[in-house]
Amino acid sequence: MTPSSSRKAAPELPIIALAMGDPAGISPELTARLAADETVKRAARLVIIGDRRIFDEGARTAGLSPTLDAIDEQSPLADLASTPAFLDLANLAPEDVDPGEATPAGGEFASANFRHALALAHDGRVDAVCFTPFNKKAMRYANPGYDDEIRFVADAIGFDGKAREFNILESVWNARVTSHIPLKDVAAALSPESIIDELTLTHRCLQQAGHDRPRIAVAGLNPHAGDGGSFGMEEIDIIEPAIRRAREQGLEVEGPFPADTVFLRAVKEGFHAVLTMYHDQGQIAMKMMGFDSGVTMLGGLPFPVCTPAHGTAYDIAGRGIADLGASRQALLLAARMADQARKAGV
Ligand SMILES: NC(=O)C1=CN([C@@H]2O[C@H](COP(=O)(O)OP(=O)(O)OC[C@H]3O[C@@H](n4cnc5c(N)ncnc54)[C@H](O)[C@@H]3O)[C@@H](O)[C@H]2O)C=CC1
Ligand SMILES: NCC(=O)COP(=O)(O)O
């Protein structure tokens, strides 16, 4: 099947594969809302990947009936119109969804859609990938040993470089040295090298997003950034040496600053990103500042991969009240990054 010939092709817009996420929460509703969103249509051409019946359930929940062009594996994606295209994998029946429950079937559905989207990007048929939220428990049922999306992507496309989650607001980015590990393991995972690696990757990703001279603020680990060694030595032994070495390499980096005020300083002083030492050190601040617009971007991969920073929201599944803001921002960021990559000839 080819896209409807009555609709105009939009070759200047990036093509984004949108993988449907966990079916038991708000992902079907968000996917339908994205397909109907005029701002998204002006920024990107969507290839939605999932099950059409689950999508239709999401559209019903949202009270929408977005127009879609049905496509198949052979459809030439370069010819897509601005009307979203739907690639139906027919991989989950609505009666097999348990709303509000993490299940193996839900994890398999989300994994298959994501794997498909990644393959399209890996083959150069789409410019970027987005997904509506996954549930990590369901993903783990379907993929034993699953850590997070970074590991999943690396395995799916055979990527062995350095990649990491970034949490992104219009005002500031958050990068982290450690991510999905137990809090008790954080201090042991910090080293000058691991911090310099993250600073280098953050600098590169900020440049790819259009910030020519990125400035990065670094958080300490301990209360008051250790207060001169009174509450821990990681700042003196590990973080400060890393910052010194990063500066010698030409990066604009400052800190370590106390984690409880580093975001206030970053926004006030125009830093482009804050590097935190662990997940919640940054996520609490970011979600307080902009829960309805926060994006998680998997940076360092060969193509942009973005998703809202919020999760599957099982508690409001099927109620039609899911806020689209963060998912819309995820799409718009992926489109901007794909545009930048095109301009840079990547
Ligand atoms: N993009 C993704 O794939 C993400 C997935 N997750 C996963 O989601 C699952 C659930 O995570 P939680 O920590 O419970 O956080 P959550 O973000 O799903 O829910 C936290 C609270 O925010 C509300 N909420 C979230 N998104 C909303 C929206 N768009 N509109 C209105 N209210 C919204 C929920 O109803 C809930 O009260 C976990 O398995 C987690 O790993 C978490 C973050 C990102
Ligand atoms: N699925 C993406 C995801 O869970 C990212 O969440 P976070 O670990 O950045 O909070």
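Residues numbered from 1 in each chain as written. Chains lettered and ligands numbered in written order. Predicted model: local features only at pLDDT ≥ 70, side-chain atom pairs only at ≥ 80, totals over all residues. Heavy atoms only, no water.

**Considering the side chain of Arg176**
Residue placement: Arg176 occurs in strand S7 (residues 173–176). Residue classification places Arg176 among the buried residues on the basis of a relative accessible area of 2%. Only 2.6 Å separates the side chain of Arg176 from the side chain of Asn167, close enough to count as a polar contact. Looking at Arg176, its side chain comes within polar contact range of the side chain of Ser179, at 3.1 Å. Not counting the four nearest positions on each side in its chain, Arg176 is found in contact with Arg164, Glu165, Asn167, Glu198, Leu275, Thr276, Tyr278, His279 and Gln283. (Helix = DSSP H or I, 4+ residues; strand = E, 2+ residues; numbered from the N terminus. Buried < 20%, exposed > 50% of the residue type's maximum accessible area, 1.4 Å probe, protein only. Polar contact = N/O pair within 3.5 Å; in protein donor to acceptor, adjacent residues only side chain to side chain. Contact = heavy atoms within 4.5 Å.)

**Comments concerning unusual backbone geometry**
Among all residues except glycine, the phi angle is most often negative; among peptide bonds, the trans geometry is most common. With omega at 0 degrees, the peptide bond leading from Gly255 into Pro256 counts as cis. Turning to its location among the elements, Pro256 is positioned in strand S9 (residues 252–257). The residue His224 is not glycine, and still its phi comes out positive at about 55 degrees. Of note, His224 is situated in the loop between strand S8 (215–219) and helix H9 (234–248). Since its relative accessible area comes to 45%, His224 is described here as partly exposed. In this structure, Ala225 is a non-glycine residue whose phi angle is positive, near 50 degrees. Of note, Ala225 is situated in the loop between S8 and H9.

**Here's the deal with the confidence of the model for the protein chain**
Scored by pLDDT, the protein chain has a mean of 94; 97% of the residues are at 70 or more. Every residue in residues 1–8 scores below 50 in pLDDT, and together they form 16 contacts with partners more than four places removed in sequence or on other chains. (pLDDT = per-residue confidence, 0-100.)

**Some words on the site of ligand 1**
Thr307, Pro308, Gly311, Ala313 and Asp315 are the nearest of the 18 residues found near ligand 1. Lys136 has a polar backbone atom sitting 3.1 Å from an oxygen atom of ligand 1. With respect to ligand 1, the backbone of Ala313 contributes an N or O atom lying 2.8 Å from an oxygen atom. Burial of ligand 1 by the surrounding chains reaches 67%, relative to a free accessible area of 830 Å². Of the residues contributing to the shell around ligand 1, the split by class is 10 nonpolar, five polar and three charged. (Near = heavy atom within 4 Å. Areas by Shrake-Rupley, 256 points an atom, 1.4 Å probe, with all protein chains shown as cover. Nonpolar A, V, L, I, M, F, W, Y, C, P; charged D, E, K, R; others polar.)

**A closer look at the domain arrangement of the protein chain**
Domain boundaries assigned for the protein chain yield domain 1 (15–158 + 301–309 + 321–344) and domain 2 (171–285). For domain 1 and domain 2, the distance between their C-alpha centroids amounts to 31 Å. (Domains from an automatic or database assignment.)

**Thoughts on the packing of helix H1 (residues 27–36) against helix H3 (residues 52–62)**
Packing of H1 against H3 leaves a shortest axis separation of 7 Å and a crossing angle of 80 degrees. Here H3 runs roughly perpendicular to H1, going by the angle between their axes. Together, Pro28, Glu29, Thr31, Ala32, Arg33 and Ala35 of H1 and Ile54, Phe55, Gly58, Ala59, Thr61 and Ala62 of H3 make up the contact between the two elements. Here the residues of the contact of H1 with H3 are counted per class, giving seven nonpolar, three polar and two charged. (Axes fitted to C-alpha atoms, helices over the stretch in contact; angles between N-to-C directions. Parallel < 35°, antiparallel > 145°, perpendicular 65-115°, else oblique.)

**What about the sheet that holds strand S6 (residues 164–168)?**
Taken in spatial order, the 12 strands line up as S3-S4-S2-S1-S5-S12-S11-S6-S7-S10-S8-S9 in an open sheet, and their pairing is mixed. Only two strands of the sheet have a single partner each, and these edge strands are strand S3 (69–71) and S9. Neighbour-to-neighbour, the strand axes of the sheet open up by a mean angle of 25 degrees, direction not taken into account. As paired elements, S8 and S9 share four bridges and run parallel to each other. From the neighbouring strand, Arg215 faces S9, where its bridge partner is Glu252. Here helix H4 (residues 104–122) sits on the sheet in contact with strand S1 (15–19), strand S2 (45–50), strand S4 (85–88), strand S5 (128–131) and strand S12 (305–308), set at roughly 140 degrees to S2. (Pairing = 2+ DSSP bridges.)

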